[in-house]
Number of protein chains: 2
Amino acid sequence: MEAGMTLVYLVSFFAVVIAMAFAVYLHLWVKKQPVENATIIKVSDLIKAGANTFMRKEYKILAAFSGVVAAILFILLPQPIWKGGSIMNNVYMVVAYAAGTILSAIAGKMGIIVATSSNGRCAEAAQKGIAPSFLVGFRGGAVMGLAVVGFSLFGVAAVLLAFGNTTISLGFSFGASSLALFAKAGGGIFTKTADVAADLTGKVELGIPEDDPRNPAVIADNVGDNVGDVAGMGADLFDSNVAAMTSALVIASSLGATGLANIAMVFMYAALGLISSIVGIATARIPQGSTPTKALNSSTYVTSGVFVVLTALATLIFKGFSWRIWGASTVGLLVGVIIGLATDYFTDDSKPIVKKVAHASKSGSAFTILSGVSYGFISALPAMIGIGISALIAYKLCQPIGDGYAMFGIAMAAVGMLSIVGTIISNDAYGPIVDNARGLAEMGGLGEDVIAIADELDSAGNTVKAVTKGFSIGAAGLTVISLLGTYMSEANAALVEAGKALISGFDLLDPIVFFGMLVGAAIPAVFSAMLILGVDKNAQRMVEEIHRQFREIKGLREGKASADYGKCIDIATAGALRELIPAGLVAILATVAVGFIGGPLAIGGFLMGNIVSGLLLSLFMSNAGGLWDNSKKYVESGHEGGKGSEAHKAAVVGDTVGDPFKDTAGPSINTQITVVSLVASLTSALFVAFSIFK
Amino acid sequence: MEAGMTLVYLVSFFAVVIAMAFAVYLHLWVKKQPVENATIIKVSDLIKAGANTFMRKEYKILAAFSGVVAAILFILLPQPIWKGGSIMNNVYMVVAYAAGTILSAIAGKMGIIVATSSNGRCAEAAQKGIAPSFLVGFRGGAVMGLAVVGFSLFGVAAVLLAFGNTTISLGFSFGASSLALFAKAGGGIFTKTADVAADLTGKVELGIPEDDPRNPAVIADNVGDNVGDVAGMGADLFDSNVAAMTSALVIASSLGATGLANIAMVFMYAALGLISSIVGIATARIPQGSTPTKALNSSTYVTSGVFVVLTALATLIFKGFSWRIWGASTVGLLVGVIIGLATDYFTDDSKPIVKKVAHASKSGSAFTILSGVSYGFISALPAMIGIGISALIAYKLCQPIGDGYAMFGIAMAAVGMLSIVGTIISNDAYGPIVDNARGLAEMGGLGEDVIAIADELDSAGNTVKAVTKGFSIGAAGLTVISLLGTYMSEANAALVEAGKALISGFDLLDPIVFFGMLVGAAIPAVFSAMLILGVDKNAQRMVEEIHRQFREIKGLREGKASADYGKCIDIATAGALRELIPAGLVAILATVAVGFIGGPLAIGGFLMGNIVSGLLLSLFMSNAGGLWDNSKKYVESGHEGGKGSEAHKAAVVGDTVGDPFKDTAGPSINTQITVVSLVASLTSALFVAFSIFK
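Only a predicted model underlies this, so the values are computations on that prediction, with no experimental measurement involved. (Residues numbered from 1 in each chain as written. Chains lettered and ligands numbered in written order. Predicted model: local features only at pLDDT ≥ 70, side-chain atom pairs only at ≥ 80, totals over all residues. Heavy atoms only, no water.)

Along the backbone of chain A there are 17 helices and zero strands. The C-alpha atoms of chain A give a radius of gyration of 24 Å, which matches the 26 Å a tight globule of 694 residues would have. Split into buried and exposed, the 694 residues of chain A put 67% on the buried side. Accessible surface for chain A amounts to roughly 21200 Å². Of this, 64% is attributable to carbon and sulfur atoms. Separation of charge centres in chain A, based on 44 positive and 47 negative side chains, amounts to 3 Å. (Helix = DSSP H or I, 4+ residues; strand = E, 2+ residues; numbered from the N terminus. Rg over C-alpha atoms; globule rule 2.2 N^0.38 Å. Buried < 20%, exposed > 50% of the residue type's maximum accessible area, 1.4 Å probe, protein only. Areas by Shrake-Rupley, 256 points an atom, 1.4 Å probe, with all protein chains shown as cover. Lys, Arg positive; Asp, Glu negative; His and termini not counted. Charge placed at Lys NZ, Arg CZ, Asp CG, Glu CD.)

So, on to the nonpolar core. In terms of nonpolar packing, the biggest core is built from 524 residues, with A:Phe267, A:Phe408, A:Met542, B:Phe267, B:Phe408 and B:Met542 touching the most fellow members. In this structure, A:Met542 is in contact with A:Thr193, A:Ala194, A:Ala197, A:Ala217, A:Ala220, A:Cys568, A:Ile571 and A:Ala572, ignoring residues within four places of it in sequence. (Core = buried A, V, L, I, M, F, W, Y, C linked by side-chain atoms within 4.5 Å. Contact = heavy atoms within 4.5 Å.)

The next point concerns the interface of chain A and chain B. In this assembly, 70 residues from chain A lie in contact with 70 residues from chain B. Taken over both partners, the interface formed by chain A and chain B buries close to 6400 Å², and the fraction arising from carbon and sulfur atoms is 86%. At the junction of chain A with chain B, the criterion picks out zero salt bridges. Of all the secondary-structure elements, those providing two or more residues to the side of chain A that touches chain B are helix H5 (166-206), helix H11 (365-398), helix H12 (405-418), helix H14 (448-497), helix H15 (511-552), helix H16 (565-636) and helix H17 (646-689) of chain A. (Buried area = accessible area lost by both parts, 1.4 Å probe. Salt bridge = Lys/Arg side-chain N within 4 Å of Asp/Glu carboxyl O.)

Let us look at the relation of the copies chain A and chain B. What relates the pair of chain copies is a rotation about an axis plus a shift along that axis. The transformation that overlays chain A on chain B combines an axial shift of 0.0 Å with a rotation of 180 degrees, and the residual RMSD is 0.0 Å. The transformation relating the two chain copies, once decomposed into turn and shift, fits a two-fold axis. When each C-alpha of chain A is compared by its distance to the rotation axis, A:Asp507 comes out closest, at 2.3 Å. When the interface residues of chain A are mapped onto chain B, 100% of them again lie at the interface, so the same face is used by both copies. (Least-squares fit on C-alpha atoms with pLDDT ≥ 70 in both.)

Below, the discussion takes up the environment of A:Leu397. All names here are of chain A. Note that Leu397 resides in helix H11. A relative accessible area of 26% places Leu397 in the partly exposed class. Counting along the chain gives 152 residues from Leu397 to Gln549, while the straight-line C-alpha distance between them is 63 Å. Among residues more than four places away in sequence, those in contact with Leu397 are Arg324, Gly327 and Ala328.

In structure tokens form, the structure reads like this:
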């Protein structure tokens, strides 16, 4: 290995070690914080046990699923074994795939462990004031952030170092995507199943408060926050981060002679991003007179600033690092921030849109829905423009470097946007921790003042969520363009081998491409629909179980007997995974079917249609959901008639519709896009060998 | 002119004359039917007067708008006048544009005249039985169908004959699109404004029935059915039909030496389609023991069969007519039928989906919305696949003929799908006529039996609407691909003139194309959102007016004084046009902005993104709306608790959300796509001359 590359790997592993050490320190720090209230300890243990139940089942099913996928990979990829190439590459592919699932799973598990032990401590720390309570919540989330980014960088570097082949790296990325599909979409179905069932039976039928322990679904509901928003979100961003790095690596390695410097740059940027996140996380706290929202946002800005400076220094120092690529990465980061701010405009309740939807609710729930759908549609525009413009600028900046660099520039813009993902995840995971803490403070009877502090922390979590969501969708948008570039590299490699003409691009006017686009564009819609219907079906199963418990457990209604929380968790778990699999299969089988009908060109169109409509729908659903959620909160805080008014009833309908939009379908679309992109890249050789048309 | 072409023009004009004569005959036949009931005559006159008010204002604003557009066209197109080419071409362009708006306007006006004089006669004919009543409704609608197709064929032929230049034909098509934008989107806002305001004040606040004459919005509501569903739908299909023919002509004329035979084929197919529609219309009636649904569907099948046979005969007889192109056109027609059947599956209340949504309504309106959105998303898939596959087959069939024929094949598939548009419009316009007739039968006190017959006719109208809607969306899908081809021809002509490199295609991996695609994909979402919000705002204005009337007109509540219906019609009219213009401008300005940023390649991406997301959203919104409408009717017919139950309340919310989806936004997206495609084609020379990137 070249000395430069050795250095880069050393820097990468060094960053990973620092991050892990810091994560361990934070974890120990959290564990040192006191938790004494008996109710809080009890409920928090129930939540932890429930989350573990889900994770265990999920990982068991995932293991079976991965076994099947691994067998297919072994037989077919990177080359069918009957073709008589080196069988070792197929073994490597399987190993890389397994590593991708396992590392992501461990990161998710670590996040859950810390999150479920932070929530009670965060609640009790609120007795000492907002600043200490904030620190517990934020540092609990940061463990997840550091674990995800550390493991993803470690995995990508280790796989490339071990196998020296970027096609095998795609296997690692595919492993991460498989896990993300289960964790994000499965966790999303779980959390909304429990949420909807708990609301329907508790608030509507029985007239008991949201977090009443008599409701058998109440623990499942809290578990859902953790498995959906902590583990699911972590797996999603693990997946995006790995996909961005891997596609940058695949493109870099196709750049020929100078590819090594470019590969070095990918790792260096990722390592510096991790170090910047550590700085951002370490410095986050609430100074005198500040607010949690400011503290969270400032950690994002500190990380971004440090990253821009560090990468500029690296470009200055290292031979072969281009300023143009630095520019592309900086543009990516900047556009991420801009998208976040635009999202904020549409979902923040101090801005006009949320107020308009709350006002429309006065005319009835149909108007809550119509105005939310409309503003949700409009909210997609700035992000779509932002992603398009950043791709355009990155491309134009890097094109002069040489052939193929334009696409590399786009990949590096995605790496830039994702550079601060450690901090982003910390901010995101902070949300469910303080949300749980709020519930625990109420159940543990810590008093009004403490609840008020927990409320403030919780509301800050909701506000910054908009900005972090902007990043993840924007990054997914840029990543998938580079995944399309990756797909073309892979397809061309297969075409060369088959002695066929190379693909030079995907022409929109080619009806084969057009056919693929139309089908690809429909898939995110079908996928989301299946997840939403899955939540619906699963919630009905849980409602039946709750009815059964109230019928059969004597004294439950009076609070004299304890509910069987485990049963509800089991139903949510089993149902989530059962409903998820058909949706995932539809997306994967559609990719394969389009490939067999139209060959590699149709797949190119399919991926692009999938990306374009996927981005549109995920922005629409995430933002509309956030908008409805905050409109409901705005009404509840006393506007437009306040709690119990007609406007409130209508706003609740909006929120219920928005729940699976923003927590199940919307964010799962990113994963769906990555999964089909990787399936396409991995199977491109098969479609080259056989397709009906062309 | 070649003898063959002369013959083709003669056949075309002959078909037009026959169609017009037949339309006049049908109109006179309808006028001969008796209408005697005084209430029916009075109300029907109010509806007619209201529709005329709207049409007059609409045409006045359109005239002003067209004046501005005509001035811009004159200065810039086909070539800026300062460039010193022949100024006469610019004059021709203006003339063609004006002709497009005027012919479409006349066709719409004719449709409204006959529809508003058929409704009362249809109601009274129901006293004699279902068969005579059906004939009045159907023949009233058929006048519109014949006028639209006759005028569109006449206009396209006359413009080409007069100016001999297919670029000028684009001006005619743009005129038709401008009118369609006003008629379809404006009419759509009008009809839903009145519907929503009438329901909100009447049913909800005052507790009076839907068609109670004390409600000042009741006439506006009936007027809405006519201006939205008759005139609007007619203008929409006039536009699609003209666009399909024009783009086939532009592509045919670029095919060089044999272009003449291809141009002849376009006209011949259109003329034979018109003749087939006449046969289908003339033979439609309800035989003993049959139902109106069967009669309507059989007129569609008769027309299709006659068209396939006649075009086969023409291919046999005429030298230069290719069987491959006949195949493409037949595939287009067939796929149209299949899309219609798929739509029917998702929206027909005898099929499972409607029942599922009705059942979900039992859990509350949030579940009505969630399940409707989900199935609406899924319903887009078959149509997307169908459009993609038909483009693929048409392309593959025609590619062997020679260079450029593949795209011509797709254009002819669209012409094939639209060949039976005369019958389609007749079926569609039948709907609002029998809908009005049902209301008139009730107001005129014609008795239970007559109302039952009117109900059966009305329900048949709703059922076949699904099939006809499938055709219009499918045809729009195919037409716009050929419009994209047209755009490339136009852009290349401009590039040749500017001495720049030609465009050979639009590569998805080119970030300029990608940028355009992302923005283009967001536009249908923003456009629909603005229309929906427009309905909302406008309905609020009308609600205020209704409140004012009840406050200020003494005796209105007791039915002793008459409401000021005209004021409500004025509000709906003014508001509809006011809300429409910004939405239209956003679409047009976005096209121009993308062109100035990214040049002709970005526009190619923009159009494709627009088409793909536009098709997805229009299928989603149209089908979800139809689904909610029929779910409500299904509940009202006594299922899931029937009228007044919780499920019914929830189903009403779904229907209210669905109304602007299916009658305003969904069907207007087609027009939006056509408008931006034509704007792009017409302005391509400007972007070639100037753009920031590339």
